[in-house]
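# Close look at the chain arrangement
In case you want the letters, here they are:
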Amino acid sequence: MTQTITIDPVTRIEGHSKITIKLDDDGQVDVARLHITQFRGFEKFTEGRPYQEMPSLTARTCGICPISHLLASAKACDDLMAVAIPAAAAMLRRVINFGQLIQSHALSFFHLSSPDLLLGMDSDPANRHILGVAAKFPELARDGIWLRKFGQQMIERLSSKRIHPAWIVPGGVASPLSEAVRDQILAELPQALAIARKTLDWFKPVIGNFQAEIDSFANFPSMFLGLVGPDGAIEHYDGHLRVVDAQRKIVVDKIEARDYATYVGEAVEPDSYLKSPYFKPVGYPAGLYRVGPLARLNVCERMGTPLAEMELADFRALQPEGAVLSSFHFHYARLVEIVYALERVAELLASPEILSRDVRATAGPNRREGVGISEAPRGTLIHNYRIDADGLIIWANLIIATGHNNLAMNQGITQVAKRFVDGKQLAEGALNRVEAVIRCYDPCLSCSTHALGEMPLRIELFDVSGALIDTCERG
Amino acid sequence: MGQRLSTVPPMTLVIGYGNDLRSDDAAGVRAAGLLAEHHPEHRTIVVRQLTPELAADIAMADRVVFLDAYPAEKDGASLRVERVREDGEAHESALAHHCDPASLLRLSRYLFGTAPEAWVVGIPAFSFDIGETTSPATSHWIDEAVGLIEGSAFFSGLRKKGKLSRARHSGEGRNPEKRPEAE
């Protein structure tokens, strides 16, 4: 008799979801599905609004990564206006994007995932959280808190607000950078870099302790999508899209923002509000690809900063013959990206040009359709708007990192459930691993369904006939 | 060398939290804003939700007042004042992106070796609809909360500023030079 296990809610992620695990006649895992159970619909209710409002409106999608939405939205508006923004504005947008990446990656690694890594996947769930880490590993927890605060303060210093700043605007940024703010950030960069390097030095030797998780946490061949610069270097703000395969061979390169829809399709499944983007030339669902830190390190040819370049070499050594495939290594990739971001911020702030007072281009709408793409902490973020003659939004499409990863997350939970879940005897540690593979992607369901809330999780166990036989809930 | 007596008065950290787009949910934020205007010698932070990073700020304070809204019925509503126990059970939210006051005190203790005395002042809230102003009833309780804190030992020696107009609870008329630290 087939059975189904449900994990509802999924914890330590952003948003609401549940997982169902279907068992076969022998009580073994047949398939697992992630269901996103929340909906907001920003694409719909922004219709009729002036395009200039889109950065502020869409930034409200999320309290964790509003900067990412501000950037992609402002870039889509730049495209509608057909302007080239001032060089200093582009540099400042890059700096604040790195502040966002640093704070978000620190949140994911230290606050949400370090409990699994430090306390163990099978440890008592009552203590498997940031407080438990703080009690046993105060130095690491302190570092995590400091690093996240540093990223948040970067955003606050640049824009006067930590969450939902109105500083990134169509055409550039609202105000120039002062020397005082630049110097404040520069003064704290060495400590931030020291923390990032120390954490990498701790993490790299212990990765081998998680071989079972590495082998089964969404460890399968897939394509990867991400932005790269003109020279193939990692890119978070501009550049073009590249798709590589599991051997890290380029499938498609130099995809311009406005051509994204030629390559990215969006399928809809009946059991989830989260759409399932796929690589169109391959079709659905075979066109599965991944985005985010792991993908960015797989699609790029180089990092372009000294320390991050060395870290990339170590990272690539995990899988010298091709792309690093296990989603467990999203954690590692995040740490490498933090080092890179800190180095790039130092470079950008060292340029005298960044203090220029010329930070905004002005124009009315000069195109009826605009596309903006940037790399959010969780992956590629696409904003696509169409406007009428009055500049009012008549259609909007937002493709969010977590959406890109939907197919991969579903395949990943099936893989990990098959490896760890025993349908005859549910173990908390096994269910935690099913959640943990999702946490590798650090999904933000508020963004990807444009929804609100935290992400509790529910696991349901169904038999062959579809009857619910067991449930495990949290949140 | 003789003993040096500190002339620095104890520092109280006021943390007001809530969603300022959800009417009365902003009660703690509004009350903290008023205290920041009138008592700039103390530190005030307003946030939408409590996050682990606040542990570092808490560790530097001599005492902490958390200001929050709680859903109440109009009949029998009152301020809820509770001492925060750092050994209290960790709230489920500690697993996610935000914390509760007890978890923050424990974080402060674990990470920085100190946890100041702390209190939560719960302000009755009656409407959580979308809106940027508080209801008249909650505005009254915001005044009461501010008066209670000003009259308490936390702010002893400070001149009580008296009742404040409700219009200011919606954020109007603020002195921008004395705003609380905000997200």
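These figures come from a predicted structure and were not determined experimentally.

Reading the values: the criteria
- Throughout, residues of each chain are indexed from 1 in the direction in which the sequence is written.
- Ligands are numbered from 1 and chains lettered from A, in the order in which they are written.
- This being a predicted model, a pLDDT of at least 70 is required before a residue's local features are given, and a value of 80 or more before pairs of side-chain atoms are given or counted; all residues contribute to the totals for chains, interfaces and linings.
- Strands here mean DSSP runs of E at least two residues long; helices mean DSSP runs of H or I at least four residues long; both are numbered from the N terminus.
- Partly exposed residues are those whose C-beta has more than 12 but fewer than 20 other C-beta atoms within 10 Å; with 20 or more the residue is buried, with 12 or fewer it is exposed, and the C-beta atoms are placed from the backbone.
- We call two residues in contact when their backbone-placed C-beta atoms lie within 7 Å.
- The globule rule used for comparison is 2.2 Å times the number of residues to the exponent 0.38, while the radius of gyration itself is calculated over C-alpha atoms.
- When DSSP finds at least two bridges between two strands, those strands are taken to pair.
- Note on method: axes are straight lines fitted to C-alpha atoms, helices fitted across the in-contact stretch only, with angles between N-to-C directions ranging 0 to 180 degrees.
- Roughly parallel means an angle under 35 degrees; roughly antiparallel, over 145; roughly perpendicular, 65 to 115; everything else is oblique.
- Take the far helix as your reference; a near helix turned counterclockwise from it by less than a right angle gives a left-handed crossing, and one turned clockwise gives a right-handed crossing.
- Polarity classes work like this: nonpolar for Ala, Val, Leu, Ile, Met, Phe, Trp, Tyr, Cys and Pro, charged for Asp, Glu, Lys and Arg, and polar for all others, with Gly in that last group.
- For our purposes the nonpolar core covers buried Ala, Val, Leu, Ile, Met, Phe, Trp, Tyr and Cys residues that link as a set through C-beta atoms within 7 Å.
- What pLDDT conveys is the predictor's confidence in a given residue, as a value from 0 to 100.

## Notes on the overall build of chain B
Summing up its helical and strand segments, chain B has 4 helices and 6 strands in all. Here chain B, with 183 residues, has 48% of them falling under the buried criterion. If you take every contact in chain B between residues at least 6 apart in sequence, the share linking residues at least 24 apart comes to 73%.

## Describing the overall build of chain A
Within chain A, the regular secondary structure consists of 16 helices and 16 strands. In summary, chain A has a C-alpha radius of gyration of 22 Å against a globular reference of 23 Å for 475 residues, a match within 12%. If you line up chain A on its principal axes, its C-alpha atoms span 70 × 50 × 40 Å. Residue burial in chain A is summarised as follows: out of 475 residues, 57% are buried. Sequence separation of at least 24 residues holds for 73% of the intrachain contacts in chain A that already meet a minimum separation of 6.

## Some points on the sheet that holds strand 14 (residues 393-399) of chain A
Residue and element names in this part refer to chain A. Spatial strand order, 12-13-14: 3 strands in an open sheet with antiparallel pairing. Of all strands in the sheet, those bounded by a partner on one side alone are strand 12 (369-376) and strand 14. Sheet twist, expressed as the average angle between the axes of neighbouring strands with direction ignored, equals 10 degrees. Sheet analysis places strand 12 next to strand 13 (residues 379-387), joined by 8 bridges and oriented antiparallel. Opposite Gly370, over in strand 13, you have Tyr385 as the bridge partner. Seen against the sheet, helix 3 (residues 66-81) touches strand 12 and strand 13 and runs at an angle of roughly 150 degrees to strand 12.

## Here's the deal with the packing of helix 6 (residues 138-159) of chain A against helix 7 (residues 179-206) of chain A
Residue and element names in this part refer to chain A. At a minimum axis separation of 10 Å, helix 6 and helix 7 run at an interaxial angle of 155 degrees. Compared by their axis directions, helix 6 and helix 7 come out roughly antiparallel. For the pair helix 6 and helix 7, the crossing hand works out as left-handed. Between helix 6 and helix 7, the contacting residues are Asp143, Trp146, Leu147, Phe150, Met154, Arg157 and Leu158 on the first element and Val181, Gln184, Ile185, Glu188, Ala192, Ile195, Ala196, Lys198 and Thr199 on the second. Along the lines of polarity and charge, the residues of the contact of helix 6 with helix 7 split into 10 nonpolar, 2 polar and 4 charged.

## Looking at the nonpolar core
It is characteristic of soluble globular proteins that their nonpolar side chains tend to be buried jointly. With 181 residues, the main nonpolar core has Leu92(A), Val336(A), Ile413(A), Val434(A), Ala31(B), Leu67(B) and Ile123(B) as its most contacted residues. At 14 residues, helix 4 (residues 87-119) of chain A tops the list of elements feeding residues into this core. Residue contacts for Val336(A): discarding those within four places in its chain leaves Leu297(A), Ala308(A), Glu311(A), Leu312(A) and Phe315(A).

## Quick look at the confidence of the model for chain B
Residue and element names in this part refer to chain B. Model confidence for chain B is summarised by a mean pLDDT of 79, while 72% of its residues fall at 70 or above. Confidence drops under pLDDT 50 across residues 1-7; counting only partners more than four residues distant or on other chains, this segment forms 0 contacts. Contacts of residues 157-178 to residues separated by more than four positions or lying in other chains number 30 contacts, the stretch itself having pLDDT below 50. Scored as a complex, the prediction yields pTM 0.85 and ipTM 0.71.

## Here's the deal with the sheet that holds strand 7 (residues 240-244) of chain A
On the basis of which strands lie adjacent, the open sheet formed by 4 strands has the order 8-7-6-11 (chain A) and mixed pairing. Across the chains shown, the open sheet's two edge strands, defined by having one partner strand only, are strand 8 (250-255) and strand 11 (289-290) of chain A.

## What about unusual backbone geometry?
Glycine aside, negative phi is the norm for most residues, and most peptide bonds take the trans geometry. Residue and element names in this part refer to chain A. Note that the residue after Tyr284, namely Pro285, is joined by a cis bond; omega there is 0 degrees. Mapped onto the elements of the fold, Pro285 is located in the loop between strand 10 (276-279) and strand 11. Even without a glycine there, the phi angle at Ala82 is positive, about 55 degrees. With respect to the secondary-structure elements, Ala82 resides in the loop between helix 3 and helix 4. With 13 C-beta atoms counted inside 10 Å, the residue Ala82 sits in the partly exposed group. A positive phi is found at Arg248, a non-glycine position, where the angle reads about 65 degrees. With respect to the helices, strands and loops of the structure, Arg248 is situated in the loop between strand 7 and strand 8.

## Overview of the environment of Lys18(A)
By the secondary structure assignment, Lys18(A) is in strand 2 (residues 17-23). Put simply, Lys18(A) and Arg33(A) are 15 residues apart on the chain and 8.3 Å apart in space, counted from C-alpha to C-alpha.

## Some words on the environment of Phe224(A)
Residues and elements named next belong to chain A. For Phe224, the position within the fold is in strand 6 (residues 223-228). C-beta crowding within 10 Å serves as the criterion here: with 26 such atoms nearby, Phe224 is assigned to the buried category. Placed 171 residues apart in sequence, Phe224 and Trp395 show a C-alpha to C-alpha distance of 28 Å. Non-local contacts of Phe224, meaning those with residues more than four positions away in its chain, are made with Val244, Tyr289, Arg290, Ala295, Asn298, Val299 and Ala323.

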